[in-house]
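A structural walkthrough
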Amino acid sequence: MKRIELNQILGDIVAVYPGAARKFNEYSIDYCCNGNRTLKEALKDKDVNDNDFVESLNKEFREFLNSNEKYIDWRKEDPRKLIKHIVDTHHRFTFDTLRELDELILKVTRVHYNHAPEKLLVIHKLFGELKLDLEEHLIKEENDLFPMIFDYLDNRSEKKRDEIFSYIGVIESEHRGAGHILSDLYRETDGYKLPEWACTTFKLVYRKLQELEKDLYVHIHKENSILFKNI
């Protein structure tokens, strides 16, 4: 693909040009759980000119094609390799970041409670739900889903494939659930806009929440739009 068009599917765009994820995140375009929409459909409710957006995206895409940036087209790789990449890269990052944020958010809530009690309690609660859901979700993937896929790839049968896709339905539902919590966090933090009284720790919390959100979108995209479609 040499050019990105408005009628292309979001998931396909990110698969070919991973850098598009950064731009989609910037405009809160969900390319993972809703990655089956076209770019034009995704831009309908955004305050942006469609043609300007796609031209800007293509400018970045051309620079990417002319660069030496390492790119792996996961659609063409063995699913086993992609699973290892997901666990080693995204699962590890998620577990580590959740652990860090757990301590940081508790500290911020206690220290700055009187500045914005309702907002801080809501953020604390939403993060607690996200942490619990994601940790259980990743454990299920590593101990249930991924071994099922490995087994199927070594010993293919229609029964095993049906079992996998039944379980994938559960996993994709959990992906949507995580996406809803991330949207709630984005709303409750006013798009991660820092208050005037924000200390260094508070700034770190917002930065790490944004890093977690961006990585999760890429992580979910690789599973929903690539791994699950290549089994």
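Placed above this text is the structure.
I will try to describe carefully the structure that is included in this document.

About the criteria used
Residues numbered from 1 in each chain as written. Predicted model: local features only at pLDDT ≥ 70, side-chain atom pairs only at ≥ 80, totals over all residues. Heavy atoms only, no water. Salt bridge = Lys/Arg side-chain N within 4 Å of Asp/Glu carboxyl O. Helix = DSSP H or I, 4+ residues; strand = E, 2+ residues; numbered from the N terminus. Buried < 20%, exposed > 50% of the residue type's maximum accessible area, 1.4 Å probe, protein only. 1 Å grid on protein atoms, 1.4 Å probe; cavity = no way out; pocket = protein on both sides within 12 Å on 5 of 7 lines; lining within 4 Å. Points joined across faces, edges and corners; volume = space filled by probe spheres on them. Nonpolar A, V, L, I, M, F, W, Y, C, P; charged D, E, K, R; others polar. Contact = heavy atoms within 4.5 Å. Expected span 1.5 Å × (residues − 1). Bend = angle between axes of the 7 residues up to and from the residue. Phe/Tyr/Trp six-rings, centres within 6.5 Å; stacked < 30°, edge-to-face > 60°. Lys NZ or Arg CZ within 6 Å of the ring centre and 35° of its normal.

Structural notes on the pattern of salt bridges
Applying the stated criterion to the full structure yields 20 salt bridges. Across the salt bridge formed by Lys 131 and Glu 135, the nearest N and O atoms sit 2.9 Å from each other. Taken as a pair, Lys 131 and Glu 135 lie in helix H6 (residues 117-154) at a separation of four residues, close to a single helical turn. For Lys 131, a relative accessible area of 18% puts it in the buried group. With its nearest N and O atoms 3.2 Å apart, the salt bridge here joins Asp 151 to Lys 160. For Lys 160, a relative accessible area of 24% gives the class partly exposed. One network of salt bridges, with partners in common, ties together Arg 3, Glu 5 and Glu 55.

Here we look at empty space enclosed by the protein
As enumerated under the stated definition, the model contains one cavity of 30 Å³ or more in all. Taken as a whole, the largest cavity encloses approximately 50 Å³ of empty space. Along its surface, the largest cavity is lined by Ile 105, Val 108, Thr 109, Leu 120, Ile 123, Phe 202, Val 205 and Tyr 206. For the lining of the largest cavity, the secondary-structure elements that each account for two or more residues are helix H5 (79-111), H6 and helix H8 (200-227). Residue classes in the lining of the largest cavity are distributed as seven nonpolar, one polar and no charged.

Topic: the side chain of Lys 208
With respect to the element layout, Lys 208 can be found in helix H8. Discounting residues that sit within four places of it in the chain, Lys 208 has contacts with Thr 97, Glu 100, Leu 101 and Leu 104.

Observations concerning the side chain of Ser 225
Take Ser 225: it is sitting in helix H8. Classification of Ser 225 as buried rests on a relative accessible area of 15%. Apart from the residues lying within four places of it in its own chain, the contact partners of Ser 225 are Gly 11, Tyr 31, Cys 32 and Ile 220.

Some words on H6
Compared with the 56 Å implied by 1.5 Å per residue over 38 residues, the 54 Å span of H6 between its first and last C-alpha is a close match. Of all the bends in H6, the largest measures some 40° and sits at Glu 141.

Structural notes on the environment of Lys 159
Along the chain, Lys 159 turns up in helix H7 (residues 158-188). For Lys 159 and Ile 83, which are 76 residues apart along the polypeptide, the C-alpha to C-alpha distance reads 21 Å.

A closer look at the environment of Asp 96
Along the chain, Asp 96 falls in helix H5. Given a relative accessible area of 30%, Asp 96 falls into the partly exposed group. C-alpha of Asp 96 to C-alpha of Lys 76: the two residues are 20 residues apart in sequence and 29 Å apart in space.

What to know about H7
Taking 1.5 Å of rise per residue, 31 residues should cover 45 Å, and H7 covers 45 Å from first to last C-alpha, within 8% of that figure. Within the sequence span of H7, burial applies to Ile 164, Tyr 167, Ile 168, Ile 171, His 175, Ala 178, Gly 179, Ile 181, Leu 182 and Leu 185. Packing partners of the buried residues in H7 comprise H6 and H8. Phi for Asp 190, located one or two positions after H7, is positive at around 55°.

Description of the packing of aromatic side chains
For the structure shown, the criterion picks out nine aromatic pairs. A centroid spacing of 5.1 Å and a plane angle of 80° characterise the contact between Tyr 27 and Phe 53, whose relative ring orientation is edge-to-face. With a gap of 26 residues between them, Tyr 27 in the loop between helix H2 (20-26) and helix H3 (39-42) and Phe 53 in helix H4 (residues 50-65) connect regions that are remote in the sequence. Three or more aromatic residues link up through ring pairs in this structure, and these residues are Phe 24, Tyr 27, Tyr 31, Phe 53 and Tyr 217. Above the ring of Phe 53, the side-chain terminus of Lys 23 is found at 5.5 Å from the ring centroid.

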